[in-house]
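Given next are the chains, with one letter for each unit.
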Amino acid sequence: MHRIAAMMAVITLLLPAPTLAAPAELRIIPEAELRFGKFAVIDRGSRIIGPNGSVQSSGVFSISNGDTSPARFTVSYDRGNNGKRQLNLRIQLVLAAAPVINQGGLVAQLSGYQTDLPGAATVQPGQIVEILIPNCTQRVCQTTFNVGARLDIESNAGGGRLEIPIPADVVLISVK
Amino acid sequence: MADTIHRNALFVLVGIAALIASTPALSQNQGSTTFGASRAEIISPISVTALDDLTFGGIAVTSNQGGSVKVLPGAGPAEYSGAAAPACTGTGGCTTNPALFHVRGERNRSYVIAVPAVIYAQATNGTNRELPVSDLTSKSLNLPGASFRGFLNGAGQDEVRIGGTLAIPAGTPPGSYRAEISLVVSYD
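Residues numbered from 1 in each chain as written. Chains lettered and ligands numbered in written order. Predicted model: local features only at pLDDT ≥ 70, side-chain atom pairs only at ≥ 80, totals over all residues. Heavy atoms only, no water.

This part covers the overall build of chain A. Counting its secondary structure elements, chain A contains one helix and eleven strands. Reading the secondary structure of chain A in the N-to-C direction produces α-β-β-β-β-β-β-β-β-β-β-β. The buried share of chain A, taken over its 176 residues, is 40%. Intrachain contacts of chain A at a sequence separation of at least 6 include 78% that bridge at least 24 residues. When the accessible surface of chain A is summed, it comes to about 8,900 Å², and 52% of that surface belongs to carbon and sulfur atoms. (Helix = DSSP H or I, 4+ residues; strand = E, 2+ residues; numbered from the N terminus. Buried < 20%, exposed > 50% of the residue type's maximum accessible area, 1.4 Å probe, protein only. Contact = heavy atoms within 4.5 Å. Areas by Shrake-Rupley, 256 points an atom, 1.4 Å probe, with all protein chains shown as cover.)

Structure (structure tokens):
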């Protein structure tokens, strides 16, 4: 019995840190807003901001330049310890449908997500996009991606500042 | 026999330890939700509506000498020069007034006003005679000190008056003359 107890103690000591460290954590962090800029709409119009910052407008009149940019998110995985074992992370990303905004004579709808993630140039709301973070050997590994979208505006009267949320979910699928 | 038992126990313990050590992350269901933001600023389009014409009234000139009439965009009587003089008989009388436009748009925004350098009033009786109207000037109700600029108040409104100078060459036949003023307003 003494030998077994001793062996268990040795085994316990040999166990790597994870069992004693913080739990692993996956997070998605909004780094930058999707900026559609300032423009006038006579009746209805739309503007598309690409993940690379490209701008396409239809039925809108630009008021200023240089005030558009894609959204940027960071997906971060903290393994919770300082282990060096190489991890390959599979993560699922879902960009949910944004709510339709009805504000002071303006109706705004966000649609047609675009990303610079491999294989996910266009993303429908609710569509699952897989993000891979390979060869993770640090405590925290992360990847950053841009999101563009299309904004449709219907103007019945007046103007205003609009803010539309972009719901984003990530789920860790596997760690190998 | 005791050693065998101990080795088996050790083997089982090592197996469990290896299992625990190799799968720390897989034992957890991990996810995260956030809300990014998208923003846009929609500007109310600027628009202009004509409310009143630029009117020079009835004018008389002599057959051998022309003249001109200047209507100011603000208050003040019309200025007659040369042989031009008000003719208060006839259909239009001799009342003069600047053109009046109503401008609507984004609240508390300034804007610029553009008008042609010269417009030509056509005789309404169908003849080809035309009279030049030049020196068009503007006056904003909310920004009276600035020429060709205006300001939309807290309700997004302004009024602009346009004055000008009508030249009447000698020998101009009697009649009514009418011109359209193209007024362009845009945010600055």
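Now that the structure has been shown, we can carry on.
Residues and elements named next belong to chain B. Bridge count between strand β8 (residues 110-114) and strand β11 (residues 149-151): three bridges; the pairing is antiparallel. By the bridge assignment for β11, Ser 110 is matched with Phe 151. As defined by bridge partners, β8 adjoins strand β14 (residues 184-187) across four bridges and the pair is classed as antiparallel. For Ile 113, the partnering residue across the bridge sits in β14 and is Val 185. (Pairing = 2+ DSSP bridges.)

Below, the discussion takes up the pattern of salt bridges. Applying the stated criterion to the full structure yields eleven salt bridges over all chains. One salt bridge in this structure joins Arg 139 of chain A and Asp 78 of chain A, with 2.9 Å as the shortest N-O distance. With a gap of 61 residues between them, Arg 139 of chain A in the loop between β9 (128-136) and β10 (140-155) and Asp 78 of chain A in strand β4 (residues 71-78) connect regions that are remote in the sequence. Note on Asp 78 of chain A: relative accessible area 18%, which makes it buried. Of the charged contacts in the structure, one is a salt bridge between Asp 188 of chain B and Arg 149 of chain B, with a shortest N-O distance of 2.6 Å. Within this pair, whereas Asp 188 of chain B is found in the segment after β14, its partner Arg 149 of chain B is found in strand β11, the two being separated by 39 residues in sequence. On the basis of relative accessibility, which here comes to 44%, the residue Asp 188 of chain B falls in the partly exposed class. (Salt bridge = Lys/Arg side-chain N within 4 Å of Asp/Glu carboxyl O.)

Keep in mind these numbers describe shape, not what the thing actually does.
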